[in-house]
Structures are given as structure tokens and as C-alpha cells.
Amino acid sequence: MALAGAVAVLALALGATLATGHRGQRMVAAIGSGIDNRFGAAGFRLKTIEVQGASPMATADIVKAAGVYRNQPMLGLDLDGLRQNVQRVGWVKEARVVRLLPDTLVVSVVEHRQLAVWQHAGRQFVIDDHGQVIKEADPARFATLPLVVGEGAADHAPEILPVIAQRPRLIGQMDALVRVDDRRWDVRMKDGSLIQLPADGVDAALMQLERLDQRSRVLELGFDRIDLRNPDVISVRPRQVQALQTQTYALPTAAGL
């Protein structure tokens, strides 16, 4: 009976809309809550919300942002408003919201990829692959992500990290990437040593480092500092305390490669 009454009211509202134009629309708005309540009485109330495509850490934030509650009338849900609320969540790149009658709401999302932990001004943040902060993410739960440090590090991390990731021997010993004067990077190693990268030509500089490592196993033997800022010369400061003099390695010519 409740469902039949709701259908009758809905048909009446549609008829009024066709007959009177904008006045009919106002009539529909005025009786909308009544229709929703009739369908609610017939069982069209929210019982389940399904979140698809989200990690367990993101799901709770997505449900909270949706702002729906159990037994809420299904037909009264503003799906576009719900989608916009979900897309404001830092985890979420894209969202789609679908109403499955009689009682289920499906929220399907595409998450931003977590790229790194950014340390700046004494605080840490998780950033995505566009350098944007995922405000809901707890950095303590992302210990396996690379650490980038300093002013501008978040903005430029998407450029440097794919280059570093191509070099497993280097990234396996890397502790952090430190942004220097927001123009270049230092690679801080787990043993405290430092690799100074140039402002431009980072990939070429790292190729030079790879050649040096193949010849001398410098990454394995250890060092205090490697300076790659000069494209013509690699300067290596040995780790031994007594060795105060910096060693230099002239790069081979193109014919010698």
C-alpha cells in the first residue's frame, strides 16, 4: 500500500510538471519529501554503503565525507553533492556515486598514488604523484615511501623520484632526498654520506655515478661525499678520517666509452 501510494503521488507530481511547467517543478519540490518518505516506508532506505577502489586507510575518510546515515531515504540522496564531498578527500582522485535501489549506495573511487613522505618545517606529510599533500594520510604508516626534505621538495619530487627509482643500487642505500635552495638535490645515504646532484642534467650525472661505481664499487666501499655538480669531473671525498684530500676522477672521452 505504501509503495502504491508513493507511485501515485509521483505520477501526480510528474503530471503537474508537464501541465504547468515551472509551477509544476515547484510543486514537485514541495512534495518531494513526502514522496521520499512514502518510498522510505516501502523499504527504500539506506542500509549499505559500498566503497570500491579505495584502500582500507582511505575508506573510513570516504564514508565520513559522504555524510550519509543508516535508514536515510534513498530517493532524497543528492548524488552529485555526495560525489563532490568524496572528491574533496585527499586520497581521492576521481569518484562516482551510484544509487542501487532499494537500499545500497555505491561509491567508486580512483585513489591518488602515494609517492613520498615530505618533511618540511618540522612536520611530515604524505604527497601524491603530483606533489600534492594527502591531508588525511598518516606519514607514520608509510615508512616504505621515499623521504624528501626541504622547501620545494614536494613540488619537484615527481620529477626526481622516477629517475632515482631506475637505479636499484642507489635507492636501496638512500635515506632521503634533500632539496637545496629549491634548485637542486642532495642524496643523503643511510650511512650519512652525501651525493651532490647538479641543478640540471641529473640523469646524466647519475649515469656518471653508475660508471664510477662499476669501476670502483664506490657505493659498496663507502665515501663521505660525491660531488656530481661539475659535468666534467666527479669529486669523491673518502670516508677515512685521515684522508683529508679529495680524490677526483676524470671522465672518459666519448671515444673511450
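Scroll up a little and you will see the structure.
Let us look at the structure shown here. In this text, all values refer to a predicted model and were calculated from it rather than measured experimentally.

## Points about the overall build of the protein
Part 1: The secondary structure content of the protein amounts to eight helices and 12 strands.
Part 2: Counting all 257 residues of the protein, 36% fall into the buried class.
Part 3: Carbon and sulfur atoms form 53% of the exposed surface of the protein, whose accessible area is close to 14500 Å².

## Focus on the pairing of strand 5 (residues 123–128)
Part 1: Relative to strand 5, strand 4 (residues 114–120) runs antiparallel, the two sharing six bridges. What sits directly across from Gln 119, in strand 5, is Gln 124.
Part 2: The hairpin turn running from strand 4 into strand 5, its antiparallel successor, is two residues long, and Ala 121 in that turn takes a positive phi close to 55°.

## Quick notes on the pairing of strand 8 (residues 184–189)
Part 1: Among the six residues that make up strand 8, five are buried, leaving the element largely enclosed by the rest of the structure.
Part 2: Where strand 7 (residues 174–180) and strand 8 come together, six bridges link them in antiparallel fashion. Residue pairing across strands places Arg 179 opposite Trp 185, the latter belonging to strand 8.
Part 3: Between the antiparallel neighbours strand 7 and strand 8 lie three residues, among them Asp 181 with a positive phi of about 55°.
Part 4: Pairing analysis gives three bridges linking strand 8 to strand 9 (residues 194–196), with the strands arranged antiparallel. If you follow Asp 186 over to strand 9, its bridge partner there is Gln 196.
Part 5: Hairpin connection of strand 8 to strand 9: four residues between the antiparallel strands, including Gly 192 at a positive phi of 95°.

## Topic: the pattern of salt bridges
Part 1: In total, this model carries 13 salt bridges according to the counting rule given.
Part 2: In this structure, Arg 167 engages Asp 203 in a salt bridge whose closest nitrogen and oxygen atoms are separated by 2.9 Å. Of this pair, Arg 167 sits in the loop between helix 5 (153–165) and helix 6 (168–173) while Asp 203 is found in helix 7 (residues 202–216), placing the two residues 36 residues apart along the sequence.
Part 3: Arg 167 sits in the buried class, given a relative accessible area of 7%.
Part 4: You can call Asp 203 partly exposed: its relative accessible area is 34%.
Part 5: Glu 220 is the partner of Arg 217 in a salt bridge, and the nearest nitrogen-oxygen pair spans 3.1 Å.
Part 6: The exposure class assigned to Arg 217 is partly exposed, which follows from its relative accessible area of 44%.
Part 7: Salt bridges here are not isolated pairs; linked through shared partners, they connect Arg 167, Asp 203 and Glu 210.

About the thresholds
Per chain, residues are indexed from 1 in the order of the written sequence. Two thresholds apply to this predicted model, a pLDDT of at least 70 for residue-level local features and 80 or more for giving and counting side-chain atom pairs, whereas whole-chain, interface and lining totals are computed over all residues. Computation of side-chain values: all heavy atoms of the structure, hydrogens and water removed. For helices the rule is a DSSP run of H or I covering at least 4 residues; for strands it is a run of E covering at least 2, with both sets numbered from the N terminus onward. Each residue is assigned to one of three classes by its accessible area relative to the maximum for its type, calculated with a 1.4 Å probe on protein chains only: buried under 20%, partly exposed between the two thresholds, exposed over 50%. Here the Shrake-Rupley method, with its probe set to 1.4 Å, supplies the accessible areas, and only the displayed protein chains count as covering residues. Paired strands are those between which DSSP finds at least two bridges. A side-chain nitrogen of Lys or Arg and a carboxyl oxygen of Asp or Glu constitute a salt bridge if their distance falls within 4 Å.

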